[in-house]
Amino acid sequence: MELGRILFLLGAFATHAFVGYALVRGCTDVDPRLGLAFGLLPDGDFLFPADWGWPFVHRGLTHTPLFAVGLLAGLYLASRNRSVALAGGLAIGSHLAIDSLSPMGIRWLFPLRTAWNPSPGLAVHSPAATALLWTAALGILAFRAIQRRSHDREPTTDHKQEHDDKQPTPTPDATTELE
């Protein structure tokens with residue numbers, strides 16, 4: 001494989017992983033490494049042997065909503081945690097969303113084999129698009145960091161103490177005054 005193709009693929013892999021990481025870190029409290037893995041997971045199809053053929057090719061089975069739904073159902077069943085499934089969905093969904101905009105698109109209706117491709121044909125892994133995706137991911141991370149920092153600075157109040165302070169002071173009743 002030529003050097004240019006290797007660099008292109010490394011950039012695409014890093015972008016999918018980083019966007020998945022940023023979305024999980026920015027939108028959930030789940031370990032963001034899950035976003036890194038699930039953001040990259042659809043490109044695991046590069047590991048399939050070439051002689052397996054369709055649908056075990058790049059942008060075949062692993063780049064479909066059906067695959068994502070099946071994977072997320074399995075993730076939920078394994079973890080029994082909706083937040084984990086949501087995090088996985090954000091990450092794998094970001095990968096499918098990005099690739100669906102490319103000229104090749106993704107197979108939205110898999111397992112049906114149709115020529116329908118609603119992709120706008122954008123160069124989603126061009127240097128400009130990659131810079132835009134990384135900037136957006138960094139923005140999500142920065143927003144989350146600022147949000148957490150401001151949350152950490154807020155003074156904690158003891159609501160019970162606050163409630164007790166607002167209660168009127170009991171006045172002695174007539175029976176205690178007579179004693």
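Values in this document were obtained by computation on a predicted structure and should not be read as measured data.

Turning next to the side chain of D43. Following the sequence through the fold, D43 ends up in the loop between helix 2 (33-40) and helix 3 (65-79). In this structure the side chain of D43 is engaged in a polar contact, spanning 3.5 Å, whose partner is the side chain of H95. Aside from chain neighbours lying at most four places away, what touches D43 is F13, H16, H58, H63, H95 and D99.

A few words on the pattern of salt bridges. Under the definition given, this model contains four salt bridges. One salt bridge in this structure joins R144 and D29, with 2.6 Å as the shortest N-O distance. One end of the pair, R144, is in helix 5 (residues 127-153); the other, D29, is in the loop between helix 1 (3-27) and helix 2, and 115 residues separate them in sequence. The residue D31 makes a salt bridge to R33 at a minimum N-O spacing of 2.5 Å. Salt bridges linked by common partners bring D29, R144 and R148 together as one network.

Look at the link from W54 to P55: it is a cis peptide, with omega at 5°. Topologically, P55 is positioned in the loop between helix 2 and helix 3. Residue F110 is joined to P111 through a cis peptide bond whose omega torsion reads 20°. With respect to the secondary-structure elements, P111 resides in the loop between helix 4 (82-100) and helix 5. Unusually for a residue other than glycine, R59 sits at a positive phi of about 65°.

Here G44 is to be found in the loop between helix 2 and helix 3. On the basis of relative accessible area, G44 is assigned to the partly exposed category, the value being 27%. On a C-alpha basis, the gap between G44 and V57 in space is 9.9 Å, while along the polypeptide they are 13 residues apart.

This structure, assessed with the given rule, holds six aromatic pairs. For the ring pair W52 and F56, a centre distance of 5.6 Å and an interplane angle of 80° mean the geometry is edge-to-face. Of the residues examined, W52 reaches a relative accessible area of 48% and is grouped as partly exposed. When the ring of W54 is compared with that of F110, the centres are 6.1 Å apart and the planes differ by 70°; the resulting orientation is edge-to-face. Of this pair, W54 sits in the loop between helix 2 and helix 3 while F110 sits in the loop between helix 4 and helix 5, and the two are 56 residues apart along the sequence. An aromatic cluster of three or more residues is present, and its members are F48, W52 and F56.

What counts and what doesn't
Residues numbered from 1 in each chain as written. Predicted model: local features only at pLDDT ≥ 70, side-chain atom pairs only at ≥ 80, totals over all residues. Heavy atoms only, no water. Helix = DSSP H or I, 4+ residues; strand = E, 2+ residues; numbered from the N terminus. Polar contact = N/O pair within 3.5 Å; in protein donor to acceptor, adjacent residues only side chain to side chain. Contact = heavy atoms within 4.5 Å. Salt bridge = Lys/Arg side-chain N within 4 Å of Asp/Glu carboxyl O. Buried < 20%, exposed > 50% of the residue type's maximum accessible area, 1.4 Å probe, protein only. Phe/Tyr/Trp six-rings, centres within 6.5 Å; stacked < 30°, edge-to-face > 60°.

Without other data, these values stay purely geometric and don't point to any function.
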